[in-house]
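For reference, the chains in residue letters:
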Amino acid sequence: MSTYPHRYRTWSVVGCCLISGVLMASCSSGKDTAAPQQQAPANGKITLYYLQKQGDQQYFVEQAQGAQEKAKELGVELKVVNLGQDANKAITELDAAVAQGANGVAIVVPDQAIGPQVIDKAKSAGIPLIASDDVIKDGSGKKAPFVGFNGSQMGDSVGTEAGKLFKAAGWSAADTKIISAYKQDLTVCTDRVNAAKTAFAKAAGAEVPVIDVGTDNSPVDAQNRSGAVIGSNPGVKHWVVWGCNDENETGVVTALANSGVPASNIIGVGLGAYLDCKDWAAGKDTGNKAALYISGAEVGRSAIQVLVDKVKNGKELPAETIAKTTIVNKDNYKQAGVNCT
């Protein structure tokens with residue numbers, strides 16, 4: 001969204017209207033016109049929207065909180081909408097935001113396939129749009145401005161930590177298998193788990209078989225779907241677990257525990273830390289050994305900052321705004337700032 005003034009032409013022929021004492025051209029020049037550029041309201045009020053998939057997930061709850069904190073700090077209004085996993089609702093709510101005069105939108109799409117439609121709608125309305133957490137592209141394959149994490153870097157950190165823990169435990173590849181649980185049609189997930197697999201092999205110095213388990217990225221689905229995998233591999237003594245998020249990893253670790261696998265035979269490395277930390281806070285003997293801490297609140301704050309910079313100051317939206325991550329465990333998660341409520 002730009003605050004630069006529009007340039008007007010003064011016409012001496014028909015098509016000019018006198019409105020509130022201001023002469024404005026309403027005739028077409030016959031040239032192609034660019035997509036509309038919406039101005040910040042004259043009274044200074046700015047309203048932003050954050051449309052989130054799975055808004056009841058802990059990560060996205062914290063993201064909304066961080067976004068609201070930043071909006072309050074910057075003096076703008078923010079409306080947060082939970083889309084669940086409904087792609088149709090995402091389109092409906094985007095249309096509603098446009099109709100209600102949104103000055104900018106951050107969106108976590110339930111389905112990346114709607115990316116072209118989302119981008120086209122925002123462009124037609126002249127509203128700045130950023131993709132939060134999950135990358136979206138227009139019809140030509142161009143990415144929308146993005147705020148979130150680098151999926152490959154995240155996976156690399158998870159795989160490296162899992163490999164280090166595997167090596168330190170003195171386990172053998174002969175009686176170990178890896179469960180990698182994730183939503184298989186989501187590119188941010190495939191980026192993470194593929195990078196984790198490569199990094200693990202390098203850090204562990206061993207080639208351990210990986211079993212991919214497709215889920216909807218919820219802990220219940222990860223637990224249910226991994227149960228069959230565990231049951232069909234009775235000869236496996238040691239298990240390494242990772243996934244697209246904490247929900248996947250903790251779900252699989254729960255399934256292993258329910259199958260009678262002791263915590264000492266499980267190396268689970270989460271991605272988020274907001275669920276793994278619950279076992280640590282409770283002092284439980286757990287297979288959740290470590291996690292990559294990602295702050296949803298930090299992403300939310302960053303999303304609002306870049307939108308306000310665009311709306312108020314005319315600053316171009318950066319192509320990428322990448323948040324920081326760090327590996328945590330039961331000994332340092334509090335110091336790292338993990339919110340474990």
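A brief structural summary. (Residues numbered from 1 in each chain as written. Predicted model: local features only at pLDDT ≥ 70, side-chain atom pairs only at ≥ 80, totals over all residues. Heavy atoms only, no water.)

Some thoughts on helix α1 (residues 58–74)
- In a regular helix each residue adds 1.5 Å, so 17 residues correspond to 24 Å; α1 covers 24 Å between its end C-alpha atoms and thus fits that length.
- By the burial criterion, the buried members of α1 are Tyr 59, Phe 60, Glu 62, Gln 63, Ala 64, Gly 66, Ala 67, Lys 70 and Ala 71.
- In this structure, the buried side of α1 is in contact with β3 (47–53), β4 (77–84), β5 (104–108), β6 (129–132), β12 (288–294) and α9 (296–313).
- Downstream of α1 by one or two residues, Gly 75 has phi in the positive range, about 75 degrees. (Helix = DSSP H or I, 4+ residues; strand = E, 2+ residues; numbered from the N terminus. Expected span 1.5 Å × (residues − 1). Buried < 20%, exposed > 50% of the residue type's maximum accessible area, 1.4 Å probe, protein only. Contact = heavy atoms within 4.5 Å.)

Quick look at the pattern of salt bridges
- For the coordinates displayed, the defined rule picks out eleven salt bridges.
- Its salt-bridge partner being Asp 134, residue Lys 53 comes within 2.6 Å of it at the nearest N-O pair. Of this pair, Lys 53 sits in strand β3 while Asp 134 sits in the loop between β6 and β7 (146–148), and the two are 81 residues apart along the sequence. Pair check on accessibility: Lys 53 and Asp 134 agree, each one buried.
- With its nearest N and O atoms 3.3 Å apart, the salt bridge here joins Lys 70 to Glu 73. Taken as a pair, Lys 70 and Glu 73 lie in helix α1 at a separation of three residues, close to a single helical turn.
- Each of Glu 69, Glu 298 and Arg 301 takes part in a single network of salt bridges with overlapping partners. (Salt bridge = Lys/Arg side-chain N within 4 Å of Asp/Glu carboxyl O.)

Some words on the state of the cysteines
- Evaluated as defined, the whole model comprises two disulfides.
- A disulfide bridge connects Cys 189 with Cys 244, and the sulfur atoms are separated by 2.1 Å. Judged by the sign of its S-S torsion, about -75 degrees, the bond between Cys 189 and Cys 244 is left-handed. With Cys 189 in helix α5 (residues 187–204) and Cys 244 in the loop between β10 (238–243) and α7 (246–258), this pair connects stretches of sequence that are 55 residues apart. Residue Cys 189 shares its accessibility class with Cys 244, and that shared class is buried.
- In the protein, numbering the disulfide-bonded cysteines from first to last in sequence yields the connectivity 1-2, 3-4. (Disulfide = S-S within 2.5 Å.)

Brief notes about empty space enclosed by the protein
- Counted by the stated rule, this structure contains one cavity of 30 Å³ or more.
- The space that makes up the largest cavity amounts to roughly 200 Å³.
- Forming the walls of the largest cavity are 17 residues, and the residues nearest its centre are Gln 57, Tyr 59, Phe 60, Arg 192 and Asn 245.
- Going through the elements one at a time, α1 and α5 are the ones with two or more residues in the lining of the largest cavity.
- Of the residues that constitute the lining of the largest cavity, the class distribution is nine nonpolar, four polar and four charged.
- Shared between two domains, the lining of the largest cavity holds at least three residues of each, these being domain 1 (47–144 + 297–323) and domain 2 (151–294). (1 Å grid on protein atoms, 1.4 Å probe; cavity = no way out; pocket = protein on both sides within 12 Å on 5 of 7 lines; lining within 4 Å. Points joined across faces, edges and corners; volume = space filled by probe spheres on them. Nonpolar A, V, L, I, M, F, W, Y, C, P; charged D, E, K, R; others polar. Domains from an automatic or database assignment.)

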